[in-house]
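# Residue-level structural notes
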Amino acid sequence: MRILLYNPDNGVTRNFMPHLWMFLLQSLTPEGHEVVLIDGNAQPMDESGIARFVREKDIGLVGIGAMTRMIAKAYRMADAIRAVGVPVVMGGPHVTEEADEALGRNGGPRHADAVALGEADETWPRIVEDAARGQLKDVYAPVDAFGQERKPSLQEYPAIPWDKINLGQFNLVPKMAARTLQRIGDGWGTFRIIPMESGRGCPYGCEFCTVTGFFGDSIRFRTNESVVNELLLLKAVAKSEGGQIAVFFIDDNFAINIKRTKSLLRDIIAADAQVHWVAQISANLLRDEELVDLIAASGGKWIFIGMESIDPTNLASVNKGFNKPGEYAAVLERLAQRNVYAITSFIFGMDNDTTGVAERTLKEIRTWPPGLPIFGLLTPLPATPLYKRLEAAGRLTRPKHWQEFIPFEMAHTPLKMTIAEAHAEVKAGWAHSYNPEAMAYAVDSLKDKPLGYRINIFIARMCFRGIYFPQMGPLAWIKLIYQNRRTIFSLVKEGFATWHGRSGSRAADLAVGSRVDGD
Ligand code: B12
Ligand code: SF4
């Protein structure tokens, strides 16, 4: 049987990275079946396109995974596939919480033939075999012989065959430039950000988060050896094609067990398996100097920190009181000293937020080393404690907000400001952080750092701006480049001067017969 695994885009922003679940399920598919992957972020497709694709390619089963944000699109695509007679199984965090909705058991239309609840590592092979026999069940739950929920152990993690998977659709280097860039340095013909997990679960239980409910509060880890081998394989793949690779450790809190994280990072260094990597780590765990040293030495470049708010009352109200705004600056300095930067994530519209929250937050941010601030709204995701609290208080204004996804639009009333004011605060956060002056300031404030770091920060900022301000398509990018022309010009000028200086001194060295290369 030929199986299509499909992840929809949300139609607004495109992810820079493919989704791990597709590669994982592909690796866990029983022998004798062929698996095709389509990520809507890399290969946009509409309903008629996917219906045509499954017919032309003779697909026997389609698996769709989606977050709440993409679920409306996922249902539309599933409907189109089922209309041409191909069964659809859906999985992921949204349908796990809203299985009745996907199966049409709550009065709405049915979108899926089957739903995989929770982690599907162990149920997927069964789903495939049932589908091949034409005997799909409605619901697949990860339970043991006694009907108790069973979380898969990650000790026997499958080796994802990155060297055999066609990763063409996930290259971030534009086709036009790929050939030329392949010859630069170690090669930049391809650049991919690959998701990798080293563990699952988080015990913190923040009120707005799906993770503790979905993956559980006890943490399971892969062996160091399996992570190191995967990194080595990815490194080899990038080298063989004259390209670059970066890894996003998608663990919800990569340093949740500091001792284990340090041991993993030490093993990565010992095996020479370093690649540039990004990970999510909560601020409280970054107090440890040795951990931060190991992060830098093992290739860590960007750390995503869920700061959420600079107001301790807000943090306490969402069960995230372990975040201490008073230590944010020291944490970011500690990272910046090692040339590691932070993606700092904030949520506006919390219960203690009042108008002016964006400016108050920006004032703090300006005192920190430059990073990548991002701003969102408090969102009641299905089945989270937050959803239940707001529902009980009658504060949900759009209880099924996912059925009509609107980016950056609240689904409940905040307590101390209006919905419109909360929207304006988020807009102000993005506008003041990503206007050309803010971009120039971020680059200038790193004057003492090597040019490479400043270029890295600048490019990352240009891309991150697109999370809020639509910048899909060449025209939007041309406009953005024009607006930031001064910063671009100064970076190019400095790059040229550095290159010229280097080639000048190399010529001088050669002229006097001295050796310029190390032994
Ligand atoms: C990496 C990540 C991202 C990446 C993008 C996704 C990517 N390319 O990988 C980035 C950083 C861009 C991102 C952004 C956002 N994310 Co995010 N993200 C994650 C994260 C940390 C890891 C996802 C992952 O790969 N997990 C590991 C895999 C193995 O697990 P999985 O995807 O759940 O898959 C398993 C099962 O669900 C199931 N399964 C999944 N799909 C399918 C399909 C089929 C057919 C079957 C059978 C089974 C199946 O089987 C898999 C194996 O067991 C998760 C948290 C988490 N730990 O999962 C949050 C998470 C998915 N994100 C979340 C959110 C809310 C967001 C944002 C909306 C945040 C924001 N406010 O802006 C944005 C929106 C992104 C967008 N563009 O639309 C929520 C989603 C909750 C929900 N109900 O939808 C999560 C769960 C975190 C949370 N705090 O609650 N995210
Ligand atoms: S620390 Fe992060 S992953 Fe853990 S519950 Fe809180 S928000 Fe979710």
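Only a predicted model underlies this, so the values are computations on that prediction, with no experimental measurement involved.

## Quick look at the sheet that holds strand S2 (residues 34–39)
- Within the open sheet, the 6 strands sit side by side as S2-S1-S3-S4-S5-S6. Their pairing is parallel. Looking along the sheet, the strands with just one partner apiece sit at the ends: S2 and strand S6 (139–140).
- Pairing geometry for strand S3 (residues 61–65) and strand S4 (residues 88–91), over 4 bridges, is parallel. From the neighbouring strand, valine 62 faces S4, where its bridge partner is valine 88.

## Focus: the sheet that holds strand S12 (residues 300–308)
- Taking strand neighbours across the sheet as the criterion, the 6 strands line up as S7-S10-S11-S12-S13-S14 in an open arrangement whose pairing is parallel. Edge positions in the open sheet fall to strand S7 (191–196) and strand S14 (372–377), since each of these has one partner strand only. Across this sheet, the average inter-strand angle for adjacent strands is 20°, counted without regard to direction.

## Structural notes on the pattern of salt bridges
- Scanning all chains against the criterion turns up 35 salt bridges.
- With a closest N to O distance of 3.9 Å, lysine 235 and aspartate 272 form a salt bridge. Placement of lysine 235 in helix H9 (residues 224–240) and of aspartate 272 in the loop between helix H10 (258–270) and strand S11 (276–280) is noted, with a sequence separation of 37 residues between them.
- The partner of glutamate 289 in a salt bridge is arginine 334, with the nearest N and O atoms 3.2 Å apart.

## What to know about helix H3 (residues 71–83)
- When the terminal C-alpha atoms of H3 are compared, their 18 Å separation across 13 residues agrees well with the 18 Å that a helix rising 1.5 Å per residue should span.
- When H3 is considered as a whole, its buried residues turn out to be Ile71, Ala72, Lys73, Ala74, Tyr75, Met77, Ala78, Ala80 and Ile81.
- Buried residues in H3 make contact with strand S1 (2–7), helix H2 (47–56), S3, S4, helix H4 (93–97) and helix H5 (99–102).
- At the exit of H3 stands glycine 85, carrying a positive phi of roughly 85°.

## Brief notes about the site of ligand 1
- Looking at ligand 1, there are 38 residues lining it, with Asn10, Thr68, Arg69, Asp121 and Asp252 nearest.
- Measuring from an oxygen atom of ligand 1, one finds a side-chain N or O atom of arginine 69 at 2.5 Å.
- Take threonine 210: an N or O atom from its main chain is 2.9 Å from an oxygen atom of ligand 1.
- Going through the elements one at a time, helix H1 (20–27), S3, S4 and helix H8 (211–215) are the ones with two or more residues in the shell around ligand 1.

## Thoughts on helix H6 (residues 124–132)
- What H6 keeps buried is the set Trp124, Ile127, Val128, Asp130 and Ala131. The arc enclosing the buried residues of H6, seen along the axis, measures out at 165°, which places them on a common side.
- Turning to H6, the residues buried within the fold contact S1, H1, S3, S4, strand S5 (114–116) and S6.
- Glycine 134 lies just past H6 and shows a positive phi near 70°.

## Structural notes on the packing of aromatic side chains
- Under the definition given, this model contains 18 aromatic pairs.
- For the pair phenylalanine 214 and phenylalanine 215, a centre-to-centre distance of 4.7 Å together with 65° between the ring planes defines the contact as edge-to-face.
- For phenylalanine 215, a relative accessible area of 22% puts it in the partly exposed group.
- With a centroid separation of 5.9 Å and an interplanar angle of 20°, the aromatic rings of phenylalanine 346 and phenylalanine 375 are classed as stacked. In this pair, phenylalanine 346 is assigned in strand S13 (residues 341–348) and phenylalanine 375 in strand S14, connecting sequence segments 29 residues apart. Residue phenylalanine 346 shares its accessibility class with phenylalanine 375, and that shared class is buried.
- A cation sits over an aromatic face here: arginine 461 above tyrosine 434, 5.2 Å from the ring centre.

## As for the packing of H9 against H10
- Running from N to C, H9 and H10 cross one another at 40°; their axes reach a closest spacing of 10 Å. The angle between H9 and H10 falls in the class oblique. The hand of the H9/H10 crossing is right-handed. The residues of H10 that touch H9, namely those facing Asn224, Val227, Val228 and Leu231, are Ser263, Leu264, Asp267 and Ile268.
- Across the contact of H9 with H10, the residue classes tally to 5 nonpolar, 2 polar and 1 charged.

## Describing the confidence of the model for the chain
- Predicted confidence across the chain gives a mean pLDDT of 91, with 94% of residues reaching 70 or more.
- With pLDDT under 50 throughout, residues 507–519 is counted as low confidence; its partners more than four residues away or in other chains account for 4 contacts.

## Topic: the site of ligand 2
- The immediate surroundings of ligand 2 are formed by Cys202, Tyr204, Gly205, Cys206, Phe208, Cys209, Thr212, Asp252 and Lys320.
- A per-class count over the shell around ligand 2 returns 5 nonpolar, 2 polar and 2 charged.

## Thoughts on the pairing of S3
- Of all 5 residues in S3, 5 are buried; the element is thus mostly enclosed.
- As paired elements, S1 and S3 share 4 bridges and run parallel to each other. Pairing of isoleucine 3 across the sheet is with leucine 61, part of S3.
- Remark: the S3/H3/S4 crossover connection has right-handed handedness.

What counts, and at which threshold
- The numbering scheme is per chain: residues are counted from 1 as the chain's sequence reads.
- Here chains are named by letter from A upward and ligands by number from 1 upward, in the order in which they appear as written.
- With pLDDT at 70 or above as the cut-off, local features in this predicted model cover only qualifying residues; side-chain atom pairs require 80 or more to be listed or tallied, and sums for whole chains, interfaces and linings still use all residues.
- Note that the side-chain values use all heavy atoms of the structure and ignore hydrogens as well as water.
- Strands pair, by our definition, only if DSSP identifies at least two bridges between them.
- Each helix is a run of DSSP H or I of at least 4 residues and each strand a run of E of at least 2, with the numbering of both proceeding from the N terminus.
- What counts as an axis is a line fitted to C-alpha atoms, over the stretch in contact for a helix, and the angles between N-to-C directions run from 0 to 180 degrees.
- Any Lys or Arg side-chain nitrogen found within 4 Å of a carboxyl oxygen on Asp or Glu counts as a salt bridge.
- Expected span, for any helix, means 1.5 Å times one less than how many residues it has.
- Exposure classes here rest on a 1.4 Å probe applied to the protein chains alone. A residue is buried below 20% of its type maximum, exposed above 50%, and partly exposed in between.
- In what follows, a contact means two residues having at least one pair of non-hydrogen atoms within 4.5 Å.
- One heavy atom suffices: a residue is near a molecule or strand as soon as one of its heavy atoms comes within 4 Å of it.
- We call two N or O atoms a polar contact when they sit within 3.5 Å, provided that within protein one can donate a hydrogen and the other can accept it, with sequence-adjacent residues counted only if both atoms are side-chain atoms.
- When we speak of the arc, we mean the arc of directions from the helix axis to the C-beta atoms.
- Ring geometry is summarised as follows: Phe, Tyr and Trp rings, the Trp one being its six-membered ring, pair when their centres sit within 6.5 Å, and such pairs are stacked at plane angles under 30 degrees, edge-to-face over 60 and tilted between the two.
- Only Lys NZ and Arg CZ are tested; either one counts as a charge over a ring when it is within 6 Å of the ring centre and within 35 degrees of the ring normal.
- Here the angle decides the label: under 35 degrees means roughly parallel, over 145 means roughly antiparallel, 65 to 115 means roughly perpendicular, and every other value means oblique.
- Handedness of a crossing follows from how the near helix is turned relative to the far one, being left-handed for an anticlockwise turn of less than a right angle and right-handed for a clockwise one.
- All amino acids are sorted into three groups, where Ala, Val, Leu, Ile, Met, Phe, Trp, Tyr, Cys and Pro are nonpolar, Asp, Glu, Lys and Arg are charged, and the leftover types, Gly among them, are polar.
- pLDDT is a residue-level measure of predictor confidence that goes from 0 to 100.
- Call a crossover right-handed when, viewed with both strands pointing away from you, the route from the first strand across the helix to the second goes clockwise.

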